[in-house]
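Listed here are the chains, written in short residue letters.
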Amino acid sequence: MSAPSSASTVQSPHVMNTYGRLPIAMSHGQGLRVWDTQGKVYLDALAGIAVNTLGHNHPKLVPALQDQVTKLIHCCNYYHVPGQEQLAAKLVALSGMTNVFFCSSGLEANEAALKLARKFGHDKGIDRPEIVVYERAFHGRSIATLSATGNTKIQKGFEPLVEGFIRVPVNDIAALKQATEGNPNVVAVFLETIQGEGGINPMRAEYLQAVRQLCNERDWLMMVDEVQCGMGRTGKWFAHQWAGIVPDVMPLAKGLGSGVPIGAVVAGPKAASIFSPGNHGSTFGGNPLAMRAGVETIRIMERDGLLENAAAMGRHFTEALRRELSEQLASGAVKDIRGRGLMIGIELAIPCSALMQKALDKGLLISVTADRVVRLVPPLIVIAAEVDAMVAILAPLIREFLATNGAQA
Ligand SMILES: Cc1ncc(COP(=O)(O)O)c(C=O)c1O
């Protein structure tokens, strides 16, 4: 989400200036490869920021979408949409939860989650509900979701922020208990199972289990934003499943439609009946094209064993990076290589946004988040030879970057 900030970014004359864009434009893609309009080819370790689950021009997804386009793209929610029933049933089965609301993006899914939490409170007679959120969190760019976000750069200029958030550090159950001590207005805890924009920061399994227990004891909703880390990226359908817990509310988006805009909020029994007609809605949400994209994405993931692939390729990727950057890890120039499955962060000791352009020059798409974390979130169809090719470009780049910027091994 953070835009590249190097001198090489170029501004468009007519498109609003919200991203510092790198000076290329993409033309088309195939599998793990993308071509720019000048014909240069790139290996895609970014997947449109964890979106293109099935890579580009997937031979099963594209015909299904073409078929859907000829039938019905959109019809609105005044009517039943069979694709919503299909996709909701699938998400319910995969998550162990019960009901789904559909929208079109991550922030919309999070807005719905925040509204669920507030109404959960009001239904219990709490007039000023408060929601626990986290340092370094990222939940989106709407006024409510940027208020929940733990990054003052994203909030600056948009005050007054939405009130009703209590902020705590990650992985610190004592801090969470202390921050909420004796406060009768708390209604929910809202966390990313693995923080994405904040620098690939995983919540520990014991922490997630302790939060689950606390939410049970205090009758709070446990809400996990799996917009970036969900949909198979970590090797399980949802990243919290590694901790053996089930949340009450789970926003999804990004990888769910393999590139077709889609968002969803999955709810368990405690949250499934909070909304009634008139409480929430979305014109585009749950339209037949997006639903077909979601249903086909999951079908292909199951058929092709993409969860297993994400886990295996993630291990392969991480091991290769640890091997190639072992000296830099030992010296502290690379502070950490972390993540799970195909959600990998390489934290450097120095700011490194310039690596995005350098990788581009060498034919590799990556991003840098939280100033010093190289983020790798390739399509889940990636194979070992492609991982090796990515490492062969990236590791020397990082070594050279560290050496020339005074963070030598
Ligand atoms: C964890 C998380 N939540 C929410 C969002 C916002 O999603 P969108 O950009 O689709 O609104 C993002 C986007 O990066 C995200 O990573």
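For every chain, the first residue of the written sequence is number 1, and numbering continues from 1 along that sequence. Predicted model: local features are reported for residues with pLDDT of at least 70 only, side-chain atom pairs are reported and counted for 80 or more only, and whole-chain, interface and lining totals are derived from all residues. Calculation of side-chain values draws on the structure's entire complement of heavy atoms; hydrogens and water are dropped beforehand.

**Student:** A description of the site of the ligand should follow, citing residues and the corresponding values.
**Tutor:** Taken together, 14 residues lie near the ligand, and G106, L107, D225, Q228 and K254 sit nearest. For the ligand, a nitrogen atom lies 3.5 Å from a polar atom in the side chain of N110. Whenever two N or O atoms come within 3.5 Å, that pair is a polar contact, provided that in protein one can donate a hydrogen and the other can accept it, and provided that, for residues adjacent in sequence, both atoms are side-chain atoms. Within the side chain of E197, one N or O atom sits 3.4 Å away from an oxygen atom of the ligand. In this description, accessible areas are obtained by the Shrake-Rupley approach with a 1.4 Å probe, and a residue is regarded as covered only by the protein chains that are shown. Calculation on the ligand without its partners gives an accessible area of 380 Å², and the protein chains cover 88% of this total. Per the convention used, a helix needs a DSSP run of H or I reaching at least four residues, while a strand needs a run of E reaching at least two, with both numbered from the N terminus. The element that contributes the greatest number of residues to the shell around the ligand is helix 4 (residues 106–123), accounting for three residues. Each residue is tested against the molecule or strand, and it is near if at least one of its non-hydrogen atoms lies within 4 Å.

**Student:** Hey, could you go over the sheet that holds strand 1 (residues 26–30) for me, with residue numbers and the actual values?
**Tutor:** On the basis of which strands lie adjacent, the open sheet formed by four strands has the order 1-2-3-15 and mixed pairing. Every interior strand has two partners, whereas the edge strands, strand 1 and strand 15 (364–365), have only one. The rule for pairing is simple: two strands pair if DSSP sees at least two bridges between them. Relative to strand 2 (residues 33–36), strand 1 runs antiparallel, the two sharing four bridges. Of the residues in strand 2, the one forming a bridge with G29 is V34.

**Student:** Got a sec to walk through the pattern of salt bridges? Specific residues and values, please.
**Tutor:** Basic side-chain nitrogens of Lys or Arg form a salt bridge, by our definition, when they fall within 4 Å of a carboxyl oxygen of Asp or Glu. This structure, assessed with the given rule, holds 19 salt bridges. Among the ionic pairs, K270 bridges to D219, the shortest N-O distance being 3.8 Å. Residue K270 is located in the loop between strand 12 (263–267) and helix 9 (288–303), and its partner D219 is located in the loop between helix 8 (205–218) and strand 10 (221–225); the two are separated by 51 residues in the primary sequence. Throughout this description, buried means an accessible area under 20% of the type-specific maximum (1.4 Å probe, protein chains only), exposed means over 50%, and partly exposed covers the range between. Using a relative accessible area of 26% as the deciding quantity, one classes K270 as partly exposed. A single salt-bridge network, built from bridges that share partners, covers D67, K71, R292, E296 and R299.

**Student:** Which residues make up the nonpolar core, and what values go with them?
**Tutor:** To define a nonpolar core, start from buried Ala, Val, Leu, Ile, Met, Phe, Trp, Tyr and Cys residues and group those joined through side-chain atoms within 4.5 Å. Within the largest apolar cluster, 103 residues are counted, with the highest numbers of intra-cluster contacts made by L91, Y134, I346, L355, V374, L376 and I398. Top contributing element to this core by residue count: helix 13 (residues 384–404), with ten residues. Should any heavy atoms of two residues lie within 4.5 Å, those residues are considered in contact. Setting aside residues no more than four positions away along its own chain, L376 makes contact with A45, F317, L321, L342, M343, I344, I346, I366 and L394. The next biggest cluster of nonpolar side chains, apart from the first, holds 24 residues, and it includes C103, I131, V265 and I274.

**Student:** Any chance you could break down the side chain of E386 for me, citing the residues and the numbers?
**Tutor:** Within the secondary structure, E386 is located in helix 13. Look at E386 and you get buried, because its relative accessible area is 12%. Polar side-chain contacts of E386 include one of 3.5 Å to the side chain of R33. With residues near it in sequence (within four places) discarded, E386 still touches L32, R33, L43 and I381.

**Student:** If you had to explain the packing of helix 3 (residues 82–95) against helix 9 to someone new, which residues and values would you point to?
**Tutor:** Where helix 3 meets helix 9, the closest approach of the two axes is 8 Å, and the angle between their N-to-C directions is 40°. Comparing the axis directions of helix 3 and helix 9 gives the class oblique. Like other packed secondary-structure pairs, helix 3 and helix 9 cross with a definite hand, here left-handed. Mapping the contact onto sequence places G83, Q84, Q86, L87, K90, L91 and L94 in helix 3 and M291, G294, V295, I298 and E302 in helix 9. For this scheme, ten residues count as nonpolar: Ala, Val, Leu, Ile, Met, Phe, Trp, Tyr, Cys and Pro. Four count as charged, namely Asp, Glu, Lys and Arg, and the remainder, Gly too, count as polar. When its residues are assigned to classes, the contact of helix 3 with helix 9 shows six nonpolar, four polar and two charged. Axis definition: a line fitted to C-alpha atoms, over the contacting stretch in the case of helices. Angles run 0 to 180 degrees between N-to-C directions. Any angle that falls under 35 degrees is termed roughly parallel, while one over 145 is termed roughly antiparallel, one within 65 to 115 roughly perpendicular, and all others oblique. Left-handed describes a crossing in which the near helix is turned anticlockwise from the far one by less than a right angle; the clockwise case is right-handed.

Distances and angles like these do not, on their own, reveal function.
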